[in-house]
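Architecture and fold: a report
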Amino acid sequence: MPKYTVRTHELASEQTGIQYAIDFPRVETLELADDFLSFRAWAFSAAPDPLCFVFSFDDQMRYVPNTERPDVKSFYDLYSDLCGIHLVIPLLETFSFGVSVGERIIWLAQVELTKLQVLEGSHQYLFLDNDDNQSVDQYSGKLKIDTENMYAWSQYFHDINAWVASHPAKFIFCLAPAKEFIFPEYYPVQRLSITPVDQFISAFDGEAIIINPIELLGSQKNLTYTQSDTHWTDFGAQLVAASICRELQLEFRPANFDYRIEHFTGDLGIKFNPQRTEYGLFADTTSLASLTYDNCIPVRGNVLCISNPLAARNETCLIFGSSSAESIAKQLSNTFTRVVRVFSGAEIDYEIVAQEQPTCIVILFSSRFLIRAPSANFSIASEILRKLEEMSAQEIAELKSGLLASTKTQADNYYAALLSNLLAMTHP
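Residues numbered from 1 in each chain as written. Predicted model: local features only at pLDDT ≥ 70, side-chain atom pairs only at ≥ 80, totals over all residues. Heavy atoms only, no water.

Turning next to the pairing of strand β19 (residues 336–343). Of all 8 residues in β19, 8 are buried, a share of seventy percent or more. Inspection of the sheet shows strand β17 (residues 303–307) paired to β19 by 5 bridges, in the antiparallel sense. Following the sheet pairing, leucine 304 is matched in β19 by arginine 341. Bridge count between strand β18 (residues 313–321) and β19: 7 bridges; the pairing is parallel. Following the sheet pairing, threonine 316 is matched in β19 by arginine 338. For the crossover from β18 across helix α8 (residues 325–331) to β19, the handedness is right-handed. (Buried < 20%, exposed > 50% of the residue type's maximum accessible area, 1.4 Å probe, protein only. Helix = DSSP H or I, 4+ residues; strand = E, 2+ residues; numbered from the N terminus. Pairing = 2+ DSSP bridges. Right-handed = clockwise from strand over helix to strand, strands pointing away.)

Structural data, given as structure tokens:
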């Protein structure tokens, strides 16, 4: 049976005169049948009127108590122990549970059931599951990159090569492997056919320098990926950053971060209730040369600028990437005097390229996203605008507060002015 993480949110205040508890589903991660839920709860009212139970998916229906609860009666000294409900209801992502007293409905709690997006492997290793990219089917070879997206990828590299032909900058495309490629022995699914990664490498390896660091990261295994997170570790990022420089025929100067052990919850462990935690090695980036600018846009649309005048090369490295790219940017901060990371997946904003005039462009892309090719004519401004239009007044205030922490060099003015103009459009 599939697993779900259950969370409840109290809706009623203490002034309602209702005491209640939901016995099942419990607030935890548990297995449930696909289409129904055996719901158990109890409630009683201080008012003399009889009480019925009600659910938001059919709020015209009233359910009388059908379960005796002597445990509740003895604790609260009730007149009757018939205060419980045991009912089979539809399995829904969310519903509200309440009671009716006379003509009045009092909603008590909202129940959320989230299908666990985690596949549990051996040795307590967690892997992504039930995601939009169908990671499990990708690894097994059941899902491939379709013809339309393969053509779009081909056009993507054609456009890049056309640009590189008239510019001195070097270009490199680096994959961030899904964790199951690093720990196939812990993964509960067999690899039976070619994967989207195999398709991509076979088709485009001659179109650009493509790094697929599965063997590199797999050689260090537990140091490069943790049990409860999908991303490589800071140490794994250091290995990949060195590999990028080798492929670019540049000397890699390590940032020489100290590493410390921290107790943490990864992006997979946090999906459980209670959360799965572990210990891991993290780079101490407090000595980072200088994070001069962060536009504080969450995830896609985020721009980070790092400046280090003492770096080995007086050059700019421009990185377009997904979530693993930030750690690479930090690891390259002692090699390039300027590193700019744009959170855009594999999509390239050529206006930023023209602004930065980098000596190298690095694409850092999660392998599970390969099934969808990047869009052409991408603009980071449109991505930021979309985010700003969705933000509340409080979120905008927090964003502006975060911007005050940026030291901002003259080289960062382009991004600061862009964000300022977009803020004026959306939140004047």
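Further notes follow.
Bringing the pattern of salt bridges into the picture now. Under the counting rule described, the total for this entry stands at 18 salt bridges. Linking arginine 191 and aspartate 198 is a salt bridge whose minimum nitrogen-to-oxygen distance equals 3.0 Å. Judged by its relative accessible area of 40%, arginine 191 falls in the partly exposed class. Of the charged contacts in the structure, one is a salt bridge between arginine 260 and glutamate 262, with a shortest N-O distance of 2.5 Å. Judged by relative accessible area, which is 25%, glutamate 262 ranks as partly exposed. Connected through salt bridges with shared partners, the residues Arg300, Glu347, Glu383, Arg386 and Glu390 form a single ionic network. (Salt bridge = Lys/Arg side-chain N within 4 Å of Asp/Glu carboxyl O.)

Now for unusual backbone geometry. Along the chain, phenylalanine 24 connects to proline 25 via a cis peptide bond; the corresponding omega equals 10 degrees. Checked against the element boundaries, proline 25 lands in the loop between β2 (18–24) and β3 (29–31). Omega for the bond connecting asparagine 273 with proline 274 falls within 30 degrees of zero, at 0 degrees, which places this linkage in the cis form. Note that proline 274 resides in the loop between β14 (258–264) and β15 (278–284). Within the chain, lysine 221 stands out as a residue other than glycine whose phi angle is a positive 35 degrees. With a phi angle near 60 degrees, valine 299 is a residue other than glycine that sits in the positive phi range. By the secondary structure assignment, valine 299 is in the loop between β16 (291–294) and β17. A relative accessible area of 52% places valine 299 in the exposed class.

Let's shift gears to the environment of isoleucine 348. Tracing the backbone shows isoleucine 348 in the loop between β19 and α9 (350–356). With a relative accessible area of 7%, isoleucine 348 lands in the buried category. Isoleucine 348 sits 330 residues away from isoleucine 18 along the chain, and the two C-alpha atoms are 57 Å apart. The residues contacting isoleucine 348, other than those within four sequence positions of it, are Tyr156, Ile160, Phe171, Phe320, Val353, Ile363 and Phe378. (Contact = heavy atoms within 4.5 Å.)

The sheet built from 4 strands is open, its strands ordered β2-β4-β7-β6 with antiparallel pairing. Two strands lie at the open edges of the sheet, namely β2 and β6 (67–68), each paired on one side alone. Where β2 lies against strand β4 (residues 36–45), 6 bridges are found, and the strand directions are antiparallel. Counterpart to glutamine 19 in the pairing with β4 is phenylalanine 44.

Taken together, the 5 strands give an open sheet; going across it, the order is β3-β1-β9-β8-β5, and neighbouring strands pair in antiparallel fashion. Where the open sheet ends on each side, the last strands, each with one partner, are β3 and β5 (51–55). Strand after strand, the sheet turns through a mean of 30 degrees between neighbouring axes, direction not considered. Bridge analysis of strand β8 (residues 94–101) against strand β9 (residues 104–115) gives 8 bridges, and the strand direction is antiparallel. Note on β9: the bridge partner recorded for threonine 94 is glutamate 112. (Axes fitted to C-alpha atoms, helices over the stretch in contact; angles between N-to-C directions.)

Here we come to the packing of helix α3 (residues 147–165) against helix α5 (residues 196–204). It is the contact of α3 with α5, at a shortest axis distance of 11 Å, that shows an interaxial angle of 40 degrees. Considering the angle they form, α3 stands oblique to α5. Viewed along their axes, α3 and α5 form a crossing whose handedness is right-handed. Facing α3, whose interface residues are Met150, Trp153, Ser154 and Phe157, α5 presents Gln199, Phe200, Ala203 and Phe204. Here the contact of α3 with α5 is built from residues that sort into 6 nonpolar, 2 polar and no charged. (Parallel < 35°, antiparallel > 145°, perpendicular 65-115°, else oblique. Left-handed = near helix turned anticlockwise from the far one by under 90°. Nonpolar A, V, L, I, M, F, W, Y, C, P; charged D, E, K, R; others polar.)

Geometric descriptors of this kind do not, in isolation, establish any biological role.
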